[in-house]
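Residues per chain, in single letters:
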Amino acid sequence: EASLMPAVPITLLCFGIAGGSFSYAGLYSSHADLSEKYAGLVNGISTTFGALAGVCSNAYAGNVLASTGSWVQAIFLPSVMCYFVGWAVYTSTYD
């Protein structure tokens, strides 16, 4: 029964990542919905912040993994928290 325990977080992470793919359906159309004139600028700014997040998250995960030796603390828990905070912000601010 203990061998089944790693399957739970892996399954949850897979569902979270798969569910996140639904956001791509409205990603670029939302920029045009906000302002057709500035859609390119808004897209560039959001892409820049997304790239910076990717760089910073790799450095963070590497430092946490080096200091704790735990993949759970370095990768899994921050991923779950990011998805949870994103969900909470989206559901609380969506019209």
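Presented here is a report on the structure given in the accompanying data block.

Procedures and definitions
- Residues numbered from 1 in each chain as written.
- Predicted model: local features only at pLDDT ≥ 70, side-chain atom pairs only at ≥ 80, totals over all residues.
- Heavy atoms only, no water.
- Helix = DSSP H or I, 4+ residues; strand = E, 2+ residues; numbered from the N terminus.
- Buried < 20%, exposed > 50% of the residue type's maximum accessible area, 1.4 Å probe, protein only.
- Phe/Tyr/Trp six-rings, centres within 6.5 Å; stacked < 30°, edge-to-face > 60°.
- Disulfide = S-S within 2.5 Å.
- Axes fitted to C-alpha atoms, helices over the stretch in contact; angles between N-to-C directions.
- Parallel < 35°, antiparallel > 145°, perpendicular 65-115°, else oblique.
- Left-handed = near helix turned anticlockwise from the far one by under 90°.
- Contact = heavy atoms within 4.5 Å.
- Nonpolar A, V, L, I, M, F, W, Y, C, P; charged D, E, K, R; others polar.

Take the environment of D33 next. The topology assignment puts D33 in helix α2 (residues 24-34). Judged by relative accessible area, D33 falls into the exposed class, the value being 65%. With 49 residues separating them in the primary sequence, D33 and C82 have C-alpha atoms 26 Å apart.

The next point concerns the environment of S79. Along the chain, S79 turns up in helix α4 (residues 71-93). Residues S79 and A25, 54 residues apart in the sequence, show an inter-C-alpha distance of 21 Å.

This brings us to the packing of aromatic side chains. As enumerated under the stated definition, the model contains two aromatic pairs in all. Seen from their ring centres, F84 and W87 are 5.7 Å apart, and the 35 degrees between their planes marks the pair as tilted. Of this pair, F84 and W87 both sit in helix α4, three residues apart, which is roughly one turn of the helix. Classification of F84 by relative accessible area gives partly exposed; the value is 48%.

So, about the state of the cysteines. A full pass over the atoms with the stated rule returns zero disulfides. Between C56, a free cysteine, and C82, which holds the nearest cysteine sulfur, the sulfur-to-sulfur gap is 12 Å. Since its relative accessible area comes to 59%, C82 is described here as exposed.

The interhelical angle for the contact between helix α1 (residues 7-20) and α4, taken along N-to-C directions, is 40 degrees, at an axis separation of 11 Å. Relative to α4, the element α1 is oriented oblique. Remark: the crossing between α1 and α4 carries left-handed chirality. Of the residues in α4, those in contact with P9, L13, G16 and I17 of α1 are F76, S79 and Y83. Looking at the contact of α1 with α4 residue by residue, the class counts come to five nonpolar, two polar and no charged.

Moving on, we come to the packing of helix α3 (residues 39-68) against α4. Here α3 crosses α4 at 145 degrees, and the two axes come no closer than 7 Å. Contacts between α3 and α4 involve Y60, A61, V64, L65 and T68 on the former and, on the latter, W71, Q73, A74, I75 and P78. For the contact of α3 with α4, the residue count by class is eight nonpolar, two polar and no charged.

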